[in-house]
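Next come the chains, spelled out residue by residue.
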Amino acid sequence: MREERWGFNEGVVLLGVSKGPALVRGVGFQGLDWTSESEDDDNISWDSDEEPKLENSGPPPASNNSIIEPEAPAGCSGVGPTDPSRSKLISHFVGMGFLEDMVNKVIDENGEGDVDALLETLLTHKMGEDISEKDRKLLTLVEMGFSTDEAASAIDRCGQNASVLELADSIHAAQLAGEDGQDEEFPWSCWSEDEPRSSFIFGACTDKKRVGRWADPNRRKKMKFYDQNGRRERGSVSFREDDDLPSLSLPNPMIGFGLPTGRPVTTHRNLPEAAMGPPYFYYENVALAPRGVWDTISRFLYDIEPEFVDSKFFCAAARKRGYIHNLPIHNRFPLLPLQPCTIFEAFPMTKKWWPSWDTRTHFNCLQTCIASARLTERIRSSLSNCNDLPPSLTRQSILHECRKWNLVWVGLNKVAPLEPDEIEMLLGFPKDHTRGGGSSRTERYKSLGNSFQVDTVAYHLSVLKDLFPNGITVLSLFSGIGGAEVALHRLGIHLKAVVSVEISEVNRNIVRSWWEQTNQTGELIDLADVQELNGDRLEQLIRRFGGFDLVIGGSPCNNLTGSNRHTRDGLEGKDSSLFYDYFRILDVVKNVMGKAS
């Protein structure tokens, strides 16, 4: 088991992620040796969209943004201080304001290979001094994945008073300009000062040049190759994101087209003609995906604009997701009773133990693994050694761990991870939904971490109740633990038939058990692999049930999440490329049903 040692500085995380200490390699505060590890080591899948990813075994991959301490100092690899490349590197950092002796020392200890890691270490040493706001922003941008030169240039270009979000936008704009071969800076988005930021959605830009770029059919991506049965040939085509297209800007706050407790943001939308007609469909994935991913998803799903929603408006846990669908957006209604929307409302018994310096009101995105008992004991021990209020840096370190692992205060100086049944409640599932039936504790966390937030999805699907008073036939892709099925059932919509496609046998058993326990009178067919669901099989199912009323699902987010620093390959990733199977299957269903009508 490899240990993770953490130190922290006060950073700001991009795009609405909860503000909190950012990670800095190799720092410890107040003599604390913070070590985080998962409770269960085997088969951990990190699918959170907001937190750093930890690997389970083996040496840490080489990365400019590694937060893992090397097992041994790299040394200077025999390169002397008179080496031209070393001199250039020293001059680079001295020009940024670091002392030459400190630069030499850090290079001797770490080598010259990773400039960004050297910068992090230099800034770490400087943390003991009075670190400037410029250095703090520089470090935060590097932790986001930008290079040192990009971060420094953005600060010079925008000024030291610019926010981290503005600096990140500027870097993206410069990247786009460089890729397009333009001399002028290509704007990150095209809203005006008089137009609210949230109004910039697909098709809203009126700049003719940029509209032309969107509309150019030669810039659209080619389809993956499929065999004669409509099944995608694995690894047949190498896909590349359309990096030359402007990326979609995420709204802040993420409230979609409206919330049940507030005035709708959008009162009307025009669906592209290709998106109309049966069936209704609904697709979900993480909002904070790599640049260009949601543009690509939208183009494949008939150019429909995504609806970005944070589930913190529906429950006490944040879950930033994007949804693309052709459902009506009027006459929605929420599940009742409404979920508690703050931590204290959801867990009132914890309030007596909650320290005043832990100001959280919501949990971060619920993960697929949890903090170890070893970490929670260290937190208890360090707080017990404080006579009164812990030192500032200790509080920051502990609060970071509490945010990262969604820890709750369960006693004096005692924190603990959420239990599976508590996560079930936060996500809107019935109690013990994932319990028993051969499902281990680790598998429960993994299944819940990858699921829908039922209340959020049910609010969007609620329009189907009046449209299908006699019941609905559903094709559920990547079903997981049945979030869509549970949402429809809780809305009072009869499930006439559900074809559920899910690769995990554990999850299929959970859905089957729920189906039986809730006395469903419809028919449930469970299949294992979306890639095996070919055209012939789809035609048979459509003839059998007379078509599908709803095609719903969220393909794996493993290669999209910000937590995945090593295989964040976008829609080209091994798992996340399964999005194209969602589109393939949906397109076959639309074509077959269109011919039948």
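What comes next is a walk through the structure. Keep in mind it's a predicted model, so treat the numbers as computed, not measured. (Residues numbered from 1 in each chain as written. Predicted model: local features only at pLDDT ≥ 70, side-chain atom pairs only at ≥ 80, totals over all residues. Heavy atoms only, no water.)

## A word on the packing of aromatic side chains
What the rule picks out here adds up to 17 aromatic pairs. Ring centres of Trp-294 and Phe-308 lie 5.4 Å apart, and the angle between their planes is 85 degrees; on these two criteria the pair is classed as edge-to-face. Here Trp-294 is found in helix H8 (residues 293-300), whereas its partner Phe-308 is found in strand E5 (residues 307-310), with 14 residues between them in sequence. Phe-308 shares its class with Trp-294; the two are buried. Seen from their ring centres, Phe-344 and Trp-354 are 5.3 Å apart, and the 90 degrees between their planes marks the pair as edge-to-face. Note that Phe-344 is positioned in helix H9 (residues 343-346) and Trp-354 in the loop between H9 and helix H10 (373-384), a separation of 10 residues in sequence. (Phe/Tyr/Trp six-rings, centres within 6.5 Å; stacked < 30°, edge-to-face > 60°. Helix = DSSP H or I, 4+ residues; strand = E, 2+ residues; numbered from the N terminus. Buried < 20%, exposed > 50% of the residue type's maximum accessible area, 1.4 Å probe, protein only.)

## So, helix H1 (residues 84-95)
In this model, H1 (12 residues) spans 16 Å end to end at C-alpha, consistent with the 16 Å of a helix rising 1.5 Å per residue. For H1, the complete set of buried residues consists of Arg-86, Leu-89, Ile-90 and Phe-93. Around the axis of H1, the buried residues are gathered within 100 degrees of arc, so they sit on the same side. Opposite the packed face of H1, turned more than 90 degrees from it, sit the exposed residues Pro-84, Lys-88 and Gly-95. Immediately beyond the C-terminal end of H1, within one or two residues, lies Gly-97, with a positive phi of roughly 105 degrees. (Expected span 1.5 Å × (residues − 1). Arc of directions from axis to C-beta.)

## Description of the nonpolar core
Among the nonpolar cores identified, the biggest contains 65 residues, and Leu-461, Leu-464 and Leu-550 are the most heavily contacted of them. With five residues, the single largest contributor to this core is helix H14 (residues 454-461). Every residue in contact with Leu-461, bar those within four places of it in the chain, is listed here: Tyr-282, Leu-327, Ala-487, Leu-488, Leu-491, Ile-493, Leu-550 and Ile-552. Counting residues in hydrophobic clusters, the runner-up holds 48 residues, among them Tyr-283, Ile-297, Leu-301 and Tyr-302. (Core = buried A, V, L, I, M, F, W, Y, C linked by side-chain atoms within 4.5 Å. Contact = heavy atoms within 4.5 Å.)

## As for the pairing of E5
Going residue by residue along E5, you find Glu-307 and Val-309 tucked away on one face and Phe-308 and Asp-310 tucked away on the opposite face as well. Sheet analysis places E5 next to strand E6 (residues 320-325), joined by four bridges and oriented antiparallel. Counted as the bridge partner of Phe-308 is Gly-322 from E6. (Pairing = 2+ DSSP bridges.)

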